[in-house]
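Fold and contact review
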Amino acid sequence: MKIPVIYNNDYIVFLENDCGFTFIHCDCVRWTKEVKKEFLSDLKKLFGIHRNDVYAIHEIDDVKHKKFLGIVGFEYLKDFVGSDAKLRQIFIRRT
């Protein structure tokens, strides 16, 4: 179950625990330089509180999402095949 942990008019960040691993999800409404600065500040606080590795699932063809993952400090970990038989990637942000 996704739990909202950061509410902002421009984005909401969710964390989800799956088999002991923490996955992050984000719904962005608007993206500007100011929003990016505030978003990165909020994530820094969240990661400081959480203090465990955080994982993100990446759809391979989504170029914008891959750039976004890099901006927030995630690195490629491995490929995996989802329950729908689609190939995806897992990225990690280590603490």
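One can find the structure itself at the top, above this paragraph.
Each chain carries its own residue numbering, running from 1 in the written order of its sequence. Per-residue local features of the predicted model are confined to residues with pLDDT of at least 70, and side-chain atom pairs are confined, for both listing and counting, to 80 or more; whole-chain, interface and lining totals are unaffected and use all residues. Only hydrogens and water are set aside; all other atoms, that is, all heavy atoms of the structure, feed into the side-chain values.

1. Considering the sheet that holds strand β2 (residues 11-18)
Two strands form a pair only when DSSP identifies at least two bridges running between them. Labels follow the DSSP assignment, with helices taken as runs of H or I lasting at least four residues and strands as runs of E lasting at least two, numbered in each case from the N terminus. Spatially, the six strands line up as an open sheet ordered β1-β2-β3-β4-β6-β5, and their pairing is mixed. Every other strand in the sheet has two partners, leaving β1 (3-7) and β5 (75-81) as the edge strands with one partner each. Averaged over all neighbouring strand pairs, the angle between strand axes comes to 35°, with direction disregarded. In terms of strand pairing, β1 meets β2 through four bridges, oriented antiparallel. The residue of β2 that forms the bridge with Tyr 7 is Ile 12. Taken strand by strand, helix α1 (residues 33-50) contacts β1, β2, β3 (21-28), β4 (54-59) and β6 (87-93), and its axis lies near 30° from that of β2. Sitting on the sheet, helix α2 (residues 63-71) is in contact with β3, β4 and β6, with an inclination near 160° to β4. Lines are fitted to the C-alpha atoms to define the axes, a helix being fitted only along its stretch in contact, and any angle between axes, read from their N-to-C directions, falls within 0 to 180 degrees. Here, residues are in contact when the closest pair of their heavy atoms is within 4.5 Å.

2. Topic: α1
Over its 18 residues, α1 extends 25 Å from the first C-alpha to the last, a length consistent with the 26 Å expected when each residue adds 1.5 Å. To sort residues, take the accessible area from a 1.4 Å probe on protein chains only and compare it with the maximum for the residue type: under 20% means buried, over 50% means exposed, and anything in between is partly exposed. Those residues of α1 lying buried are Val 35, Phe 39, Asp 42, Leu 43, Leu 46 and Phe 47. End-on, the buried residues of α1 take up no more than an arc of 135°, which puts them together on one face. Among the exposed residues of α1, those oriented more than 90 degrees off its buried face are Lys 33, Glu 34, Lys 37, Lys 44 and Lys 45. For α1, the secondary structure elements touched by its buried residues are β1, β2, β3, β4, α2 and β6. Phi turns positive one or two residues past the end of α1, at Arg 51, with a value near 50°. One less than the number of residues in a helix, times 1.5 Å, gives the span that helix is expected to have. Arc, as used here, means the arc of the directions from the helix axis to the C-beta atoms.

3. Here's the deal with the side chain of His 58
With respect to the helices and strands, His 58 occurs in strand β4. The term polar contact refers here to a pair of N or O atoms within 3.5 Å; inside protein, the definition further demands a hydrogen-donor-capable atom paired with an acceptor-capable atom, and it admits residues adjacent in sequence only when both atoms are side-chain atoms. Reaching out from His 58, the side chain makes a polar contact with the side chain of His 65 at a distance of 2.8 Å. In contact with His 58, other than residues within four places in its own chain, are His 65, Lys 66, Leu 69, Arg 88, Gln 89 and Phe 91.

4. Remarks on the pairing of β2
Connecting β1 to the antiparallel partner β2 that follows it, the hairpin turn spans three residues. With eight bridges joining them, β2 and β3 adopt antiparallel strand pairing. By the bridge assignment, Glu 16 is partnered in β3 with Phe 23.

5. Observations regarding the nonpolar core
Generally speaking, a soluble globular protein has its nonpolar side chains buried in company with each other. Think of a nonpolar core as a cluster: buried Ala, Val, Leu, Ile, Met, Phe, Trp, Tyr and Cys residues, connected wherever their side-chain atoms sit within 4.5 Å. Grouped together as the largest cluster of nonpolar side chains are 17 residues, with contacts concentrated most on Val 13, Ile 24, Phe 39, Leu 43, Leu 46 and Phe 74. For this core, the elements supplying multiple residues, two or more each, are β2, α1, β4 and α2. If we skip the residues at most four places from it in the chain, Val 13 touches Ile 3, Pro 4, Val 5, Ile 6, Ile 24, His 25, Cys 26, Phe 39, Leu 43 and Leu 46.

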